[in-house]
Each structure stands twice: as C-alpha cells, then as structure tokens.
Amino acid sequence: MKQNNDLILNATDLTKRFGDFTAVDSISFSVRKGECFGFLGPNGAGKTTIMRMITNHLLVTEGTLSVLGMNVSTNARKVKSRIGIVPQENNLDMDLTVIDNLIIYSRYHGIGKREANIRSTQLLDFFQLAEHAQSPLMRLSGGMKRRLLIARGLINEPKVLILDEPTTGLDPQARHLIWQKLRALQSQGTTLVLTTHYMEEAEQLCDRLVIMDHGKILVEGSPVELIKEHAGKEVLEIRLLENEGRDDCIESVIGDAGLDGAEVECSTDTLYLYTEDAMALLSRINIGSERSILHRRASLEDVFLRLTGRELKE
Amino acid sequence: MSEPTYQVRQATEPRGPIKWPDVTHRAVYVWFRDFKVWLTYYKASLIGNLGEPLLYLLAMGLGLGKMVGTVNGIPYIAFLAPGLMCSAAMYTATFECTFGAFTRMTRQQTYDAILATPVSLDEIVLGEILWGSTKSLFSGVAMLLVMSLFGLVKSFWALLALPLVILVGLLFSSLSMIVTAKSQSYDFFSYYFTLGIAPMFLFSGIFFPIENLPEWAQTMAWFLPLTHGVTVSRALFTGTVSLGHLADILWLAVFFLIAFTFAVGAVRKRLIL
C-alpha cells in the first residue's frame, strides 16, 4: 500500500494491561505525515500510557504499535532515534547547565561533538533561551524548563515530536509562546502528536484528534467536525435557582415549548441547551427574570464533557 | 523530615526466557554524563579521595601499628594499606551506585529521560557501573599516592593494583545496582551498608590475616568478594604475586559478570513495565 508511507504512527488493537487493570483497551488510530494529532481525555484516560508505549517505557500487552513503519516492540532503538519525546514530567538533568542538557542529550543520540554544539545553540535561540545557556536549571522558570524540554526533544531532528501535556501548569504567556513554537515546527514539516486536557490547546493546535476515556477512543475527527457533530452550533447555559431541582428547572424553563432538535443536559447547577439556533430557542422558552443565562458558541469543551461526563475524574 | 519513598512497581506480565544484557558502545554516553557532572565538583571529590586513606593510614597504620608491630613479617602499615586500597574502591563504587544512582533513577528521573533515546536501559546500567568503577579508580590512584608518601610503594607491580581496583569497582557497582533497583527509599541502603558492606570491610583480611579466624569463618570469608581483592592487592605491594592469584582475579571477574546480569534484570523489572 503506497498510502502507508505517509503513516507516521499506526496502532492496531493496541492494549495495555497492568494486572487486572486495562489502561488502554484495544484502540486503533493512525497519524499522517505533517499533521498535528491530539489525544484528548480526562486524567486516567490512557493518554500517557500510549505515549510511554511509543518510547518502550511500557511494553505493549497486545496489538501492534508502529512508528514510521517500524514496530516499537522489536525495533525500539531505531524508533527512538527517529522520534522526539517531550514527557509530561520534567526530567531535565538537574545536575547540568541549560546548554549541557542539550549537548549531553545529543551524545545519547550519537550526535558528534561539533554538530551537537551547533544544534544546541540553534535550539536555544529558537526557544528564546540563548541568554540562559550557561545557567543552572534551578534558575529557570516553569515555562523556560518546558521550552528546554521541547528543545531537547528536537535535538535529533525528529520526523515526529511526541508531547505529553506540553503546557500543563504554565501561565498564559508561556502557553502561547509554546503554541507559537509548535505551529512553527509543524509548518516546517514536523509531525506533532500531543496529549492534552486543555480544550483550547486542542482547538488551537490539532488538525485531528481523538477523545479518550477509560482507555477507549470515543470519537475521532477534526475539532470543527467534532463540535458540529456532538455539540451543535450554539449553547445556552442557564443557571439553576437556589434550591431548585433539575426537573423543576427543566419544567419551568422549557415547559411545553418545542425543542426543535435542541438537546438538553443538566449538571448539578446548570442547564445546558445545545442548539443550531439559540435566538429562536430563546424566544420560545421561559427564562424568567431571576435566572442568569449565558449564550455562547459550542466548543470542544462541550464535546468533551458530553462524551466523558461531568463528574470529577480522579 | 522523612525521605519520600518510591514504590517499587512489579511487572505484571510473565517474562520470557532470560534476556541477556543488550549493550553497545552507547553505555559510554551514560558514563560521560556522570563524568561531566563530576567535573563540576571534582575538587571536593578528590580531597575526599586523598583525605580518607591519609587519615586511615595515620590512625590505624601508625597509631595502631605501633602496638601490633609486624604481621607475617611486614610492618603493620604495609600489611594494612593494600587492603584499604580495595575497601576504598568498594566504598566509592557502592556510594555512587546506591545513593547516586538511586537519586538519578527516582528523584531526578535521569534514566527515564535517557530511555527516550536510542540508549537502552541495559546500557544505562552499564554506564552507571562503569562510572562507579571509574570513581573506584580515582580512589585507587589517590591511595597509591598516599602510600608512596609513606614509602609503601616499592615495585612497579604496585601499578597493577589500579586495574585491580577497577575490577573491584565494577563488581561492587553491580551489586549496588541490584540493591538500588530493589530499594524503596534511601533508608533501605543502611541495611545494605550494615549487613553487607561493613562485614565485608571487617572480615576480608584487611586488618588481620584471615588465617587468624576459626576455620568456618575462613570459609565464609572466601565467599566475600573483597577478600580476593585484598589478597591480590597485598601480594602486588609486597612483591609476592604468584600464578595462584589468577584464580582470585577469575573469581572477581565471574562474580562481576553474574552481578551485572542480575543488576540489569533487576533494573529492567523495576523500570520497564
């Protein structure tokens, strides 16, 4: 199959079990060359487990997982020389300076001394860390450490960069800078694979994504497609009154007004109406004067919450 | 303040037949990383390497030696020093591959980071062991210098003590890596030091000839790796080397290879699930 050459990452019936616990449950997906592919899901959905199987930190229980046509279980070294990894937890080398983190890491990849120096300097420039080259790691802010972690993942000039929650815990400025750098990388031809539980991040970066929960893929598609299909166009959020039950609220707001295809969902304190035309719906239902109401566009967050549920994931 | 403990996770899948260590030249990259870090604190490290044997030789060699006189016809300090060279190698390697390696494996997640590169876990373990034995070599060189100050280096045979301390270092680094792979916290190492390393230090013939012990204890001492190191080291410094000492070397080499294989297995079991 000619098409196969463009498959950067391919999983077939991929499963990972820890004893009785199934972390990844027979999932299949493929990532095409040049795209940004996202794994979106609540904590414990199995995203990190997939990432760690790609790097052979975890062994595949069943199914196959291949990178650039090479099976990760049998060809680990080759796979790892062609991919870049940005882990969720900072595992930079605290004993080394900023630039030595990159230089020593290039040694692990077997990159020669001169080439290592050139690449390290370039990467520090690209990630706006050049002035900190000789600093010990302790002096770096969280955002700088994350940028260095991404720079390190790029030291072997990988075809594909795999990022596990690249902006978790960062302030908005730091996040936007990282997004900007990732988009620049993608436009230079690097395939990006990332996990996140930030909807905004997924909408900003991903061409395609899957939403996962309990080790399974729930849906797959582009952010726009998914929003359209699972949340519609617009959302009305209507706050419940104090001591008001859900059913009472639905009864008093909607009554016997026709919903005309709108879908209703209710959390502990809010009624959500997903609809194609919020204004038309507003004119039919009965809000009353005391209720607080929000009218907004449907987002990936709606898709996510509708598919994975609103209860706390711990 | 109590140290955090790190859960030792166990692989849940049945393992296949024994997989032998998968090692290439890449282990040297890991060694180089440790060396590079050492360069940032080498002065303190070398002062420790020189200071410790100096203190021992002054206290035990000269102080205690005055009461003991001679052992097997040689001054006590000359009897003692070659053995201390081996125990220094043992301690240096053991500290590096317990406390040092454990910090890199758990708190700093250094292994985790390296594992995302073409360097295999087995090579990480070997790199750490090579580094542990390199530090043993540093301690051996320091000891050799101090001994020459005391006029205890009389022939070129003594230079062969340096490859010997490397071998001792390899062996004790490997043993330490096994302990490290099984440890949940730093506290665990105190058992190893008290029950493993201290008896080794006391009963391997450094301070008195093993022949002084009852027969059963002599047999047990034969099973202590350090005993063989001390025997060869003393022969090299006193000019009494014979072909029979090749058996001791072989003993150390075989023990090292076995310990290394177990170390690789133990670390794999802990880190790759």
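Above this text is the structure in question.
So, here is what we can say about the structure in this document. (Residues numbered from 1 in each chain as written. Chains lettered and ligands numbered in written order. Predicted model: local features only at pLDDT ≥ 70, side-chain atom pairs only at ≥ 80, totals over all residues. Heavy atoms only, no water.)

**Remarks on the overall build of chain A**
Selection criterion: Labels follow the DSSP assignment, with helices taken as runs of H or I lasting at least four residues and strands as runs of E lasting at least two, numbered in each case from the N terminus. Under the scheme applied here, a residue whose accessible area is under 20% of the maximum for its type counts as buried, over 50% as exposed, and between as partly exposed, the area being computed with a 1.4 Å probe on protein chains only. In what follows, residue pairs with any heavy atoms lying within 4.5 Å of each other are defined as contacts. Areas reported here follow the Shrake-Rupley algorithm with a probe of radius 1.4 Å; residue values treat only the protein chains shown as occluding. We treat Lys and Arg as the positive residues and Asp and Glu as the negative residues; His and chain ends play no part in the count. By convention, the charge on Lys lies at NZ, on Arg at CZ, on Asp at CG and on Glu at CD.
Helix and strand content of chain A: eleven helices and 14 strands. When the backbone C-alpha atoms are referred to their principal axes, chain A occupies close to 75 × 45 × 40 Å. A burial count over chain A gives 53% of its 314 residues as buried. Taking the intrachain contacts of chain A between residues at least 6 apart in sequence as the baseline, contacts between residues at least 24 apart amount to 69%. For chain A, the accessible area works out to roughly 14600 Å², and carbon and sulfur atoms hold 46% of it. When the 37 basic and 44 acidic side-chain charges of chain A are each reduced to a single mean position, those positions are 12 Å apart.

**Focus on the interface of chain B and chain A**
Convention followed: Buried area is understood as the total, over both parts, of accessible area removed when two parts are fitted together, assessed with a 1.4 Å probe. Should a side-chain nitrogen of Lys or Arg be within 4 Å of a carboxyl oxygen of Asp or Glu, the pair is scored as a salt bridge. Any N or O atom pair separated by 3.5 Å or less is treated as a polar contact, with the protein-specific requirement of one donor-capable and one acceptor-capable atom, and with residues adjacent in sequence counted only for side-chain atom pairs. Throughout this entry, Asp, Glu, Lys and Arg are counted as charged residues, while Ala, Val, Leu, Ile, Met, Phe, Trp, Tyr, Cys and Pro are counted as nonpolar. The remaining residues, Gly among them, count as polar.
If you look at the interface, chain B gives 28 residues, while chain A gives 30 residues. Together chain B and chain A conceal approximately 2600 Å² of surface at their shared face, both sides included; 54% is due to carbon and sulfur atoms. Run the count over chain B and chain A and you get six salt bridges. The salt bridge partner of arginine 52 of chain A is aspartate 112 of chain B, with a shortest N-O separation of 2.7 Å. Our count for the chain B to chain A interface comes out at 13 residue pairs in polar contact (both at pLDDT 80 or more). Counting only elements with at least two residues in the side of chain B that touches chain A, the list comes to helix 1 (27-38) and helix 4 (110-114) of chain B. Element by element, the count of residues in the side of chain B that touches chain A is highest for helix 1 of chain B, at six residues. Counted by class, the side of chain B that touches chain A contains 13 nonpolar, seven polar and eight charged residues.

**Here we look at the environment of threonine 167 of chain A**
Residues and elements named next belong to chain A. Note on placement: threonine 167 falls in the loop between strand 7 (160-164) and helix 6 (172-187). Residues threonine 167 and tyrosine 272 lie 105 residues apart in sequence; the distance between their C-alpha atoms is 29 Å. Dropping the residues within four chain positions of it, threonine 167 is found in contact with Arg146, Arg175, Ile178, Trp179, Tyr198 and Glu201.

**Digging into the sheet that holds strand 11 (residues 234-239) of chain A**
Residues and elements named next belong to chain A. Where we set the bar: For two strands to pair, DSSP has to find at least two bridges joining them. Here an angle of 0 to 180 degrees is reported between the N-to-C directions of two axes, which are lines fitted to C-alpha atoms, with helices fitted over the stretch in contact.
Spatially, 12-13-11-14 is the arrangement adopted by the four strands of the open sheet, whose pairing is antiparallel. One side of each edge strand has no neighbouring strand; the edge strands of this open sheet are strand 12 (263-266) and strand 14 (293-297). Recorded for the sheet is a direction-independent mean angle of 20° between the axes of neighbouring strands. Judged from the six bridges that link them, strand 11 and strand 13 (residues 270-275) form a sheet pairing that is antiparallel. For glutamate 234, the partnering residue across the bridge sits in strand 13 and is threonine 275.

All we've got here are geometric facts, nothing functional implied.
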